[in-house]
Protein chains: 2
Amino acid sequence: MARSVGRICKGFQRLGLLSKQTQLIPFTRVPVETVRTIVTLPSFLFPQPRDFSLPNPSWGSEMTRMYEHYECQCEVETEGGQKQKGPWRKLPSYNRLLKYATGGVYLSKMIQSKARLFTRNIRNPGAAFEYVLFVNKEEQKCVCILQAGHLLEGPPGHVHGGAIATMIDTVTATHATLLSGPVMTANLNINYRRPIPLGSTVLLESSLEKKEGRKIFITCRVTSTDGSKLHTETSALFLSITASHLLGG
Amino acid sequence: MARSVGRICKGFQRLGLLSKQTQLIPFTRVPVETVRTIVTLPSFLFPQPRDFSLPNPSWGSEMTRMYEHYECQCEVETEGGQKQKGPWRKLPSYNRLLKYATGGVYLSKMIQSKARLFTRNIRNPGAAFEYVLFVNKEEQKCVCILQAGHLLEGPPGHVHGGAIATMIDTVTATHATLLSGPVMTANLNINYRRPIPLGSTVLLESSLEKKEGRKIFITCRVTSTDGSKLHTETSALFLSITASHLLGG
């Protein structure tokens, strides 16, 4: 257990390096040896990561409309005509967390170079998960706009319960990470209220319920984009992880 | 809601046709019009479905060993040397439920011909979910052997919590369907105890807890193949669905 979790934890520590670029995950404790290795690596080993959550031709009108709704609140204009940060911030989304950390291409080979993030493992735009996350720091909320492609089928013509769970885990874990640094999912309690037709666009709204020590309690609702239809309700529990916590320190 | 659920329900009704071939799902009420349409369709429209849960070169030694362990219990030899059904039965697994029902190729075009089952949407063997289900009718248990490929990544080097939830939903929903006919997932309550390294083979064991009217309560444990490591524990609730139940009849 300690070895396994320690391996994940090291991955997360390295992910701290990602925060220098994206400001997503607090940079905490990276071993000096790792930093030295990275410093000596040539820059061509660090390709520019592709953000998979930018608009593409597969996006339908509802996906695009909702994206623009939140995107235009990321930067607002003051009365004096100056631009300043708005209440929402768009989060980038890559097809592997570790790969795109500084030095991650090298580091990822130490784990599995072929590995891809489950939600971004299909190249064909629009075929599976098309999604984008926005965060509102002040309100401690995350919103995800999801367009569910034809490769996510469960019941005929509708989205698989596991695909819905996958997006819920993704959104709530991202939210918990933003609030507390690296976390692991401890519990997902999902109530499925109404099926989601394939091809439709839905909203996932994640809210912090409370924090108790290492525990972060988050709720998440999946609704139609106008909020009139409730598809699922979830309570999720995450545990903050650090090397000292997990390795008995 | 009625329209949406009705659409799923019709899909399931058509899935009843699948049971004639596989004996998986009780054939209940198929509209006479549908039967007439199917009867008049030429046979070349019904290709032989591919069973994705048969051994392939991507299977590692542990996956193969576990498969053989259960497969050899599907047919046993009596003292007199005769072969007879054993306690376990292997379930076939297709990449779309509806498509491979009798007449399903035609019927699936009425919903979405491109749609694929979420767990079987990647062609490359071994890259994502490699799994096979066995059922023990007498013990009211299902077992799934899962080899988790490199496209299922969540935490660096480990399986995404959503991918684990996907397999839990798949196994428990299949089990509930075998027990009660067509069902919908109502609740999944998943406790994540220990991460699963990418590439490893694990067992999902599903057991009937109780049935109360339309409700089917099922538990599911994900463990290492020798049972020594517990990865997740789940309680799941399913609701039986029929046209009369769901459309207010």
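The residue numbering used here restarts from 1 in each chain and proceeds along that chain's sequence as written. Working convention: letters from A go to chains and numbers from 1 go to ligands, in the order in which they are written. Confidence filtering applies because this is a predicted model: local features only for residues at pLDDT of at least 70, side-chain atom pairs given and counted only at 80 or more, and all residues used for totals across whole chains, interfaces and linings. Side-chain numbers come from the whole structure's heavy atoms, not from hydrogens or water.

Novice: An account of helix 4 (residues 61-71) of chain B is needed here, citing residue identities and associated values.
Specialist: All names here are of chain B. Partly exposed residues are those whose accessible area sits between 20% and 50% of the maximum for their type, while under 20% is buried and over 50% is exposed, using a 1.4 Å probe and protein chains only. We count a stretch as a helix when DSSP gives it H or I for four or more residues in a row; a strand needs E for two or more, and each element gets its number in order from the N terminus. All of the buried residues in helix 4 are Met63, Met66, Tyr67 and Tyr70. One face of helix 4 carries all of its buried residues, which in axial projection span an arc of 105 degrees. In what follows, a contact means two residues having at least one pair of non-hydrogen atoms within 4.5 Å. Along its buried surface, helix 4 packs onto strand 3 (89-91), strand 4 (129-136), strand 5 (141-148) and strand 7 (201-212). Read the arc as the range of directions from the helix axis to the C-beta atoms.

Novice: Talk me through the nonpolar core; I want residue IDs and the actual numbers.
Specialist: Throughout this description, the term nonpolar core refers to a set of buried Ala, Val, Leu, Ile, Met, Phe, Trp, Tyr and Cys residues connected via side-chain atoms within 4.5 Å. Membership of the largest hydrophobic core comes to 77 residues, with the highest contact counts inside it found for A:Leu152, A:Leu204, B:Leu152 and B:Leu204. Excluding its chain neighbours within four sequence positions, the residues that come into contact with B:Leu152 are A:Arg116, A:Phe118, B:Ala128, B:Phe129, B:His158, B:Val159, B:His160, B:Ala163 and B:Leu198.

Novice: Report on empty space enclosed by the protein, specifying residues and quantitative values.
Specialist: The pocket and cavity definitions rest on a 1 Å grid over protein atoms only: a 1.4 Å probe that fits but cannot leave marks a cavity, an open set with protein on both sides within 12 Å along at least five of seven lines marks a pocket, and residues lining either have an atom within 4 Å of a point. Grid points are joined across faces, edges and corners, and a volume is the space filled by probe spheres set on the points. By the definition in use, this model includes 2 cavities of 30 Å³ or more. Quantified by volume, the largest cavity comes out at close to 220 Å³. Looking at the largest cavity, it is lined by 21 residues, and the ones nearest its centre are A:Thr119, A:Arg120, A:Asn121, A:Ile122 and A:Ala128. Here the residues of the lining of the largest cavity are counted per class, giving 11 nonpolar, 6 polar and 4 charged. Along its surface, the second largest cavity is lined by 16 residues, and B:Phe52, B:Arg120, B:Ile122, B:Phe129 and B:Glu130 are the ones closest to its centre. Each residue gets one of three labels, nonpolar for Ala, Val, Leu, Ile, Met, Phe, Trp, Tyr, Cys and Pro, charged for Asp, Glu, Lys and Arg, and polar for the others, Gly among them.

Novice: Before we move on, can you summarise the UniProt feature "domain: Thioesterase" (unreviewed entry) in chain A with the specific residues and values?
Specialist: Those residues carrying the UniProt feature "domain: Thioesterase" (unreviewed entry) are residues 157-229 of chain A in this numbering. Taken as a whole, residues 157-229 of chain A contains 27% helix and 44% strand, while its terminal C-alpha atoms sit 18 Å from one another. UniProt positions are given in the numbering used here, feature names are shortened, and annotations may be inferred rather than shown by experiment.

Novice: Can you break down the pairing of strand 5 (residues 141-148) of chain A residue by residue, with the values?
Specialist: Residue and element names in this part refer to chain A. Of all 8 residues in strand 5, 7 are buried, a share of seventy percent or more. Paired strands, as defined in this entry, are two strands with at least two bridges between them according to DSSP. Direction of pairing for strand 4 (residues 129-136) relative to strand 5: antiparallel, over a ladder of 8 bridges. The partner of Val135 across the bridge, within strand 5, is Cys142. Counted between consecutive antiparallel strands, the loop separating strand 4 from strand 5 contains 4 residues, among which Gln140 sits at a positive phi close to 50 degrees. Examined bridge by bridge, strand 5 and strand 7 (residues 201-212) share 7 bridges and lie antiparallel to one another. Its bridge partner lying in strand 7, Val143 is registered against Glu205.

Novice: I'd like a rundown of the pattern of salt bridges, residues and numbers included.
Specialist: By salt bridge we mean one thing: a side-chain nitrogen of Lys or Arg within 4 Å of a carboxyl oxygen of Asp or Glu. Taken as a whole and assessed by the stated rule, the structure comprises 10 salt bridges over all chains. Taking the shortest distance from any N to any O, the salt bridge between B:Glu233 and B:Arg193 comes out at 2.9 Å. With B:Glu233 in strand 9 (residues 230-240) and B:Arg193 in the loop between strand 6 (183-192) and strand 7, this residue pair connects regions lying 40 residues apart in the sequence. Among the ionic pairs, B:Lys210 bridges to B:Glu212, the shortest N-O distance being 3.3 Å. For B:Glu212, a relative accessible area of 42% gives the class partly exposed. A single salt-bridge network, built from bridges that share partners, covers A:Arg193, A:Arg221 and A:Glu233.

Novice: Let's hear about helix 6 (residues 161-180) of chain B: which residues, and what values?
Specialist: All names here are of chain B. A helix is expected to span 1.5 Å multiplied by its residue count minus one. End to end, helix 6 covers 28 Å across 20 residues, agreeing with the expected 28 Å (1.5 Å per residue, within 8%). Here helix 6 lies mainly inside the structure; 16 of its 20 residues are buried. Immediately downstream of helix 6, the backbone of Gly181 shows phi near 80 degrees, a positive value.

Novice: Give me the packing of aromatic side chains: which residues, what numbers.
Specialist: Aromatic ring pairs are described here by two measures, namely the spacing of the ring centres and the angle between the planes. A pair of aromatic rings is counted whenever rings of Phe, Tyr or Trp (Trp by its six-membered ring) have centres within 6.5 Å, and the orientation is called stacked for planes under 30 degrees apart, edge-to-face for over 60 and tilted otherwise. All told, the structure shown has 11 aromatic pairs over all chains when counted by the stated rule. Judged by centre distance (5.9 Å) and plane angle (55 degrees), the ring pair of A:Tyr67 and A:Phe134 falls under tilted. Of this pair, A:Tyr67 sits in helix 4 (residues 61-71) while A:Phe134 sits in strand 4, placing them 67 residues apart in sequence. Taking the relative accessible area as the measure of exposure, A:Phe134 reaches 0% and is therefore buried. Between A:Phe118 and B:Phe129, the ring centres sit 5.7 Å apart and the planes meet at 90 degrees, which makes this aromatic pair edge-to-face. With A:Phe118 in the loop between helix 5 (104-111) and strand 4 and B:Phe129 in strand 4, this pair bridges two chains. The pair formed by A:Phe118 and B:Phe129 is uniform in burial state, with each residue classed as buried. Grouped by ring-pair contacts, the aromatic residues A:Trp59, A:Tyr67, A:Tyr70, A:Trp88 and A:Phe134 constitute a single cluster. A cation over a ring is seen here: A:Arg120 above A:Tyr131, with NZ or CZ 3.7 Å from the ring centre. Cation placement over rings: the criterion is NZ of Lys or CZ of Arg within 6 Å of the ring centroid and within 35° of the ring normal. The ring of A:Phe217 carries the charged tip of A:Lys210 above its face, separated from the ring centre by 4.8 Å.

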